[in-house]
Amino acid sequence: MDINVRKRADVELIQLRGQLRLGEAVDELRKVIEESLGNGDARLVLNLAEVPMIDSSGIGLLVRFLASTKQRGGSLKLVQPSKFAVQTLRLVGVLNLFEIFDNDDAAVASFA
Amino acid sequence: MTPDPRDNGKEGELTSVLDVSMPANSNAIAATADTITETLGQLGVPEEKQLEIQLAVQEALANAVVHGCKNDSSKQVRCRVKRNAACAIVITITDPGPGFSPSYLPDPRSAQQLQEGHGRGVFLIRQLMDEVSFESGGNQITMWKY
């Protein structure tokens, strides 16, 4: 999985490319987000436009870090999840936990 | 009388299309799931159905590696893929672990479970596949997609 992190207006913008699933992908994303939280950054935007599939370990990661960011006064917001990712999040009942945006700009602006 | 299309999809002799074993290592799961997806593509399975099967396989392999084998990479997980003439796909995943009782799993959509970081795998498999059964005390799962 490719992970690209940028900072825009005090928001960490994390761009993912590849399947978010158990193994290296989930491990790498966990490290990136833990580092952000360790640096005091709890306002996170996850761009999922190039993530065709999220498995249950990826979902678990998103749910846990959503709670962690909210505890720190921030949030974890999603941008452009694929149709199948949305279907999967809905199936397990967590879709409505997340704020979802059509593009990075709208997600970043929502933190203002 | 019109036959039940689900029964119809299961009828016919099954042909083996893949039989692979992998070490019980979480980093080996993705490659095995991808190999199965490539095989489904070669069989002409539609892309949407490929994704559903791939995710179910991913979850079943993860359960076998993490719970069945306790991440002991000296153990092996076996994955068999078969099809019939109607292109129904049946996938069987077997691990050497003690098994488990799938009937006692909580609903991950319940208020108590919703914020949990785990416990969604078997639920997802059941939602994504058309028929799912556990054999050998729970250390073998068979999943059908019609």
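See the structure shown above.
Rules used in this analysis
Residues numbered from 1 in each chain as written. Chains lettered and ligands numbered in written order. Predicted model: local features only at pLDDT ≥ 70, side-chain atom pairs only at ≥ 80, totals over all residues. Contact = placed C-beta atoms within 7 Å. Helix = DSSP H or I, 4+ residues; strand = E, 2+ residues; numbered from the N terminus. Nonpolar A, V, L, I, M, F, W, Y, C, P; charged D, E, K, R; others polar. Expected span 1.5 Å × (residues − 1). Buried ≥ 20, exposed ≤ 12 C-beta atoms within 10 Å, placed from the backbone. Arc of directions from axis to C-beta. Pairing = 2+ DSSP bridges. Core = buried A, V, L, I, M, F, W, Y, C linked by C-beta atoms within 7 Å. Axes fitted to C-alpha atoms, helices over the stretch in contact; angles between N-to-C directions.

Asks: Sorry, what's going on with the interface of chain B and chain A here?
Replies: Accessible area lost when the parts come together is the quantity often used to give the size of an interface. Listed as interface residues are 21 residues of chain B and, on the opposing side, 21 residues of chain A. Broken down by element, the residue count for the side of chain B that touches chain A peaks at 6 residues, all from helix H3 (residues 47-68) of chain B. Split by residue class, the side of chain B that touches chain A holds 9 nonpolar, 9 polar and 3 charged.

Asks: Can you help me understand helix H1 (residues 24-38) of chain A in this one?
Replies: Structural remark: α-helix, 3.6 residues per turn; residues separated by three or four positions point the same way. Residues and elements named next belong to chain A. With 15 residues, H1 should reach 21 Å at 1.5 Å per residue; the first-to-last C-alpha distance of 21 Å fits that figure. Here H1 has its buried residues at Ala25, Val26, Leu29, Ile33 and Ser36. End-on, the buried residues of H1 take up no more than an arc of 90°, which puts them together on one face. Pointing more than 90 degrees away from the buried face of H1 are the exposed residues Lys31, Glu34, Glu35 and Gly38. Packed against the buried residues of H1 are strand E1 (2-8), strand E2 (11-17), strand E3 (43-50) and helix H2 (56-71). Taken from the residues just after H1, Gly40 is the one with a positive phi, measuring 85°.

Asks: Hey, could you run me through the pairing of strand E4 (residues 131-135) of chain B in this one?
Replies: Every other side chain in a regular strand lies on the same face of the sheet, so the side chains alternate between the two faces. Residue and element names in this part refer to chain B. With 5 bridges joining them, E4 and strand E5 (residues 140-145) adopt antiparallel strand pairing. Bridging across to E5, Val132 finds its partner in Met143. With antiparallel pairing between neighbouring strands as the criterion, E4 and E5 make up a hairpin whose turn holds 4 residues, including Ser136 at a positive phi of roughly 55°.

Asks: I keep staring at the nonpolar core and nothing clicks. Help me out?
Replies: For soluble globular proteins, the rule of thumb is that nonpolar side chains tend to be buried together. Counting 63 residues, the largest nonpolar core has Val45(A), Leu46(A), Ala56(B), Ala60(B) and Leu61(B) as its most contacted members. Among the elements that take part in this core, H3(B) stands out by supplying 10 residues, more than any other. For Leu61(B), the residues in contact, after removing those within four places along its chain, are Ile29(B), Thr32(B), Ala33(B), Val77(B), Cys79(B) and Ile93(B).

Asks: Just checking my understanding: could you explain the environment of Asn103(A) for this structure?
Replies: Residues and elements named next belong to chain A. Looking at the secondary structure, you find Asn103 in the loop between strand E5 (100-101) and helix H4 (104-109). Accessibility expressed as a C-beta count within 10 Å gives 12 for Asn103, which makes it exposed. In the structure, Asn103 is positioned 32 residues away from Gln71 in sequence and 25 Å away in space, judged by C-alpha atoms.

Asks: What exactly am I supposed to notice about the environment of Thr92(B) here?
Replies: All names here are of chain B. Looking at where Thr92 falls in the secondary structure, it is placed in strand E3 (residues 89-94). Along the chain, Thr92 and Cys69 lie 23 residues apart, while their C-alpha atoms are 16 Å from each other. Look past the residues within four positions of Thr92 in its chain and what remains in contact with it is Arg80, Gln140 and Thr142.

Asks: Can you walk me through unusual backbone geometry in this structure?
Replies: Leaving glycine aside, a negative phi is the common case for residues, and trans is the common case for peptide bonds. If you check the backbone angles, Asp10(A) has positive phi at about 65° while not being a glycine. Inspection of the secondary structure assignment puts Asp10(A) in the loop between E1 and E2. You will see that Lys70(B), though not glycine, has its phi angle at about 50°, which is positive. Among the secondary structure elements, Lys70(B) is positioned in the loop between H3 and strand E2 (76-83).

Asks: Whenever I open this one, the sheet that holds E2(A) confuses me. Can you help?
Replies: All names here are of chain A. Taken together, 5 strands build an open sheet; the order of strands is E1-E2-E3-E4-E5 and the sheet is mixed. Looking along the sheet, the strands with just one partner apiece sit at the ends: E1 and E5. As defined by bridge partners, strand E4 (residues 75-79) adjoins E5 across 2 bridges and the pair is classed as parallel. Of the residues in E5, the one forming a bridge with Leu78 is Ile100. Helix-sheet contacts for H2 involve E3 and E4, and the interaxial angle to E4 is about 130°.

Asks: Please clarify how the sheet that holds E4(B) should be interpreted in this entry.
Replies: The pairing of strands in a sheet comes from backbone hydrogen bonds and takes either a parallel or an antiparallel form. All names here are of chain B. Strand order in this open sheet of 5 strands is E1-E2-E3-E5-E4, and the pairing throughout is antiparallel. Looking at strand neighbours, the two that pair on one side only are strand E1 (15-23) and E4, the edges of this open sheet. Each neighbouring strand pair of the sheet contributes to a mean axis angle of 15°, computed without reference to strand direction. On top of the sheet, helix H2 (residues 26-42) reaches E1, E2 and E3; it is set at about 170° to E1, its chief contact. Of the strands in this sheet, E2, E3 and E5 touch H3, which is tilted by about 175° from E5.

Asks: Mind showing me how you'd approach helix H3 (residues 83-91) of chain A here?
Replies: Residue and element names in this part refer to chain A. Of the residues making up H3, those classed as buried are Ala85, Thr88 and Leu89. One face of H3 carries all of its buried residues, which in axial projection span an arc of 95°. H3 presents Lys83 and Arg90 as exposed residues on the side facing more than 90 degrees away from its buried surface. Looking one or two residues past H3, Gly93 carries a phi angle of roughly 85°, positive in sign.

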